[in-house]
Amino acid sequence: MAVNLSLYLVTDSTPAILKGRDLCNVVEESLKGGVTVVQYREKHSDTGVMIETAKKLHEITKAYNVPLIINDRVDVAVAVGAEGVHLGQDDMNVDDAKKLLPENAIIGVTVASVEEAKRAVEQGADYLGVGTMFATPTKKDTKSIIGTAGTKEILNALADLGRPVGTVSIGGINQSNVQRVIYQSQGIKKGLDGVAVVSAIISAEDPKAAASELSKRISTLPPFASIPPTPRENEAALLLNEVPPLVTKVAKDRPLVHSMINFVVANFAANVALSIGASPIMSPYGEEANDLSTFGGALLINMGTLNSESVSNYLKAILAYNEGGNPVVYDPVGAGATKIRKTAVKQLMAGGYFDLIKGNEGEIREVFGNSAGRQRGVDSGPSTLNNREKATLARDLARRERNCVLLTGDVDYLSDGNRVFAVGNGHEFLGQITGTGCSLGTVAGAFLTVHRTDKLHAVLAGLLMFEIAAENAAAKEYVRGPGSFTPAFLDELYAIRQAASRGDNSWFAGRA
Ligand code: 3NM
Ligand code: MG
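Small disclaimer: the values here were computed from a predicted structure and weren't measured.

Procedures and definitions
- The numbers attached to residues start from 1 for each chain and follow its sequence in the written order.
- Throughout, the order in which chains and ligands are written sets their labels, letters from A for the former and numbers from 1 for the latter.
- Note on the predicted model: pLDDT of at least 70 is required for a residue's local features to be given, and 80 or more for side-chain atom pairs to be given and counted; whole-chain, interface and lining totals, by contrast, use all residues.
- Note that the side-chain values use all heavy atoms of the structure and ignore hydrogens as well as water.
- Each residue is tested against the molecule or strand, and it is near if at least one of its non-hydrogen atoms lies within 4 Å.
- Polar contacts, as counted here, are pairs of nitrogen or oxygen atoms within 3.5 Å of one another; within protein the pair requires one atom able to donate a hydrogen and one able to accept it, and residues that are adjacent in sequence qualify only if both atoms are side-chain atoms.
- Methods summary: accessible areas were calculated by the Shrake-Rupley approach with a probe of 1.4 Å, and residue burial reflects only the protein chains presented.
- Any residue outside Ala, Val, Leu, Ile, Met, Phe, Trp, Tyr, Cys, Pro, Asp, Glu, Lys and Arg is labelled polar, Gly included; the first ten of those are nonpolar and the last four are charged.
- Any Lys or Arg side-chain nitrogen located within 4 Å of an Asp or Glu carboxyl oxygen qualifies as a salt bridge.
- Where helices and strands are cited, they refer to DSSP runs of H or I of at least four residues and of E of at least two residues respectively, numbered from the N terminus.
- Between buried and exposed lies partly exposed: a residue is buried under 20% and exposed over 50% of the maximum accessible area for its type, with that area taken using a 1.4 Å probe on protein chains only.
- Aromatic pairs are defined between Phe, Tyr and Trp rings, using the six-membered ring for Trp, whenever the two ring centres lie within 6.5 Å; interplanar angles under 30 degrees are classed as stacked, those over 60 as edge-to-face, and all others as tilted.
- Placement of a charge over a ring requires the Lys NZ or Arg CZ to be within 6 Å of the ring centre, with the centre-to-atom vector within 35 degrees of the ring normal.

J.: Could you give me a rundown of the site of ligand 1, with the residues and numbers involved?
T.: Close contacts around ligand 1 come from 14 residues, with Thr132, Thr136, Thr138, Gly172 and Ser199 the closest. At 2.7 Å from an oxygen atom of ligand 1 is found a main-chain nitrogen or oxygen belonging to glycine 172. Here valine 198 contributes a backbone N or O atom positioned 2.9 Å from an oxygen atom of ligand 1. Within the complex, 95% of the 430 Å² of free accessible area of ligand 1 lies under protein. Split into classes, the residues belonging to the shell around ligand 1 amount to 3 nonpolar, 9 polar and 2 charged.

Written out as structure tokens, the structure reads:
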């Protein structure tokens, strides 16, 4: 039986979620709003009460031509003639359920891993509930939080099986993350068929409006979505040709870059932003992002001096910028250094979309999830990956997150999951003063703001302006070390901006 899984409602009658309302009313409202499947999930009632409620729900769902699925209780499904059952890993197995159910019954299975997914498909499941996507107060005993990365892995494995099976993601999905969940979970061959929610509809003040808004969002791309262009012949040369015009565009448009940056480098990053012609604002206050994001600039999250309130402030700001499709840059400073930072990385990666993640090898490895032990401090530390591995890491992370990744080092690797660029420009003094890496995040934000169609190109332009300015500064005869390099670097950023604005591209010719 073909089921439209796009907006799958799972019921919950606990007072904290249903808030004393009548379940049947809430379900009917949600059907008016566009729910396409209803699962009756009841963990506490007696069987008699369950059957009574299921019968009422079935009358309603039938009127809307929507299948009713019963969680766990095959007997209840049979008793009320529901269209199917949903089985958890600890419930009855698919083979046994088939013996009891009518032939065309829909059978769904909860899966959290590739193995469970494969087994469920082999046993003949019609669709899979894939999760838990995000930690959720609705179900605290979930087995594992798999996020968009784990979901994508499962979708890719399913595509290879050859037998079609429906998929819905479940756990912590709501209005603000539903588009991202679908966008970032997209596998190579197959995406999700839908999402399953409890609280986003059942706890909503207006379940009909909530369902209708969710269903609208499910069918549209998130505002930050972009499809990386297919590389052309001569891709590098073509992109490099268009670097100076982007430098000019930043100076002309004066993009606002809202930096939630560490206190060590805030002043320097603001001066770098001013030097390239961008307009910096430093605000660590999450709620302020609601206003600031309306200016259409970029947000930089730099967690260099994290405190107990940082993450919740970051998450508020990220959501505000994501909602408007305005660029967000993440600099996971010292990502693997402490437990607190590791947790912050997980929370931020689960909590929003980053157009660009920028970090050194250790940081990017931590974000990717294969960090080789503890990182020592916030400095880049000894390199352990070779160049090819670094390029692959940047590409794989960008592919997984559907964004851009800049892995910085002697050679910087920039990828959008499709193209990978290695940039050898720069100077060692950049590594000897604090704030350079951090201010590069601000620069990238400015370029991402003025050039939205190709994020990789935007970041590449900012990176080259930055690295070439460093080379020019270090070459000045009065620059003797990191101290005199610092003001010279600001001067050279400014000089490049001035030259580009005059249409003079000699600063760039033959340099990259
Ligand atoms: N099953 P909400 S998570 C019923 O991971 C259920 O298998 C899950 O509720 C799983 O949309 C979950 O309110 C609860 O986060 C989802
Ligand atoms: Mg169950």
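J.: For the pattern of salt bridges, give the residues involved together with the corresponding values.
T.: Across all of its chains, the model carries 27 salt bridges by this definition. A salt bridge links lysine 62 to glutamate 59; the shortest N-O distance between them is 3.6 Å. Taken together, the positions of lysine 62 and glutamate 59, both in helix H3 (residues 47–63) and 3 residues apart, correspond to about one turn of that helix. For lysine 62, a relative accessible area of 46% translates into the label partly exposed. Residue class for glutamate 59 comes out exposed when judged on its relative accessible area of 51%. For the salt bridge of aspartate 75 with arginine 73, the shortest nitrogen-to-oxygen distance reads 3.0 Å. Residue classification places aspartate 75 among the partly exposed positions, given a relative accessible area of 43%. On the basis of relative accessible area, arginine 73 is assigned to the partly exposed category, the value being 23%. Each of Arg232, Glu235, Asp416, Arg419 and Asp454 takes part in salt bridges that share partners, so that together they form one network.

J.: Pulling in residues and values, what's your account of the packing of aromatic side chains?
T.: On inspection of all chains with the given rule, the structure shows 10 aromatic pairs. Taken together, a centroid distance of 6.1 Å and an interplanar angle of 70° make the contact between tyrosine 183 and phenylalanine 224 edge-to-face. On the criterion of sequence distance, the pair formed by tyrosine 183 in helix H8 (residues 178–185) and phenylalanine 224 in the loop between helix H10 (207–218) and helix H11 (235–241) is long-range, its members being 41 residues apart. Among the residues examined, tyrosine 183 registers a relative accessible area of 2% and is labelled buried. Phenylalanine 224 gets classed as buried once you look at its relative accessible area, which sits at 5%. Centre to centre, the rings of tyrosine 183 and tyrosine 353 are 6.2 Å apart; their planes meet at 70°, and the pair counts as edge-to-face. One end of the pair, tyrosine 183, is in helix H8; the other, tyrosine 353, is in the loop between helix H16 (339–351) and strand S13 (356–360), with 170 residues separating them in the sequence. Put simply, the rings of Phe268, Phe429, Phe466, Phe485 and Phe489 pair up and form one aromatic cluster. Geometry around tyrosine 183 places arginine 402 over its ring, the cationic atom sitting 4.0 Å from the centre.

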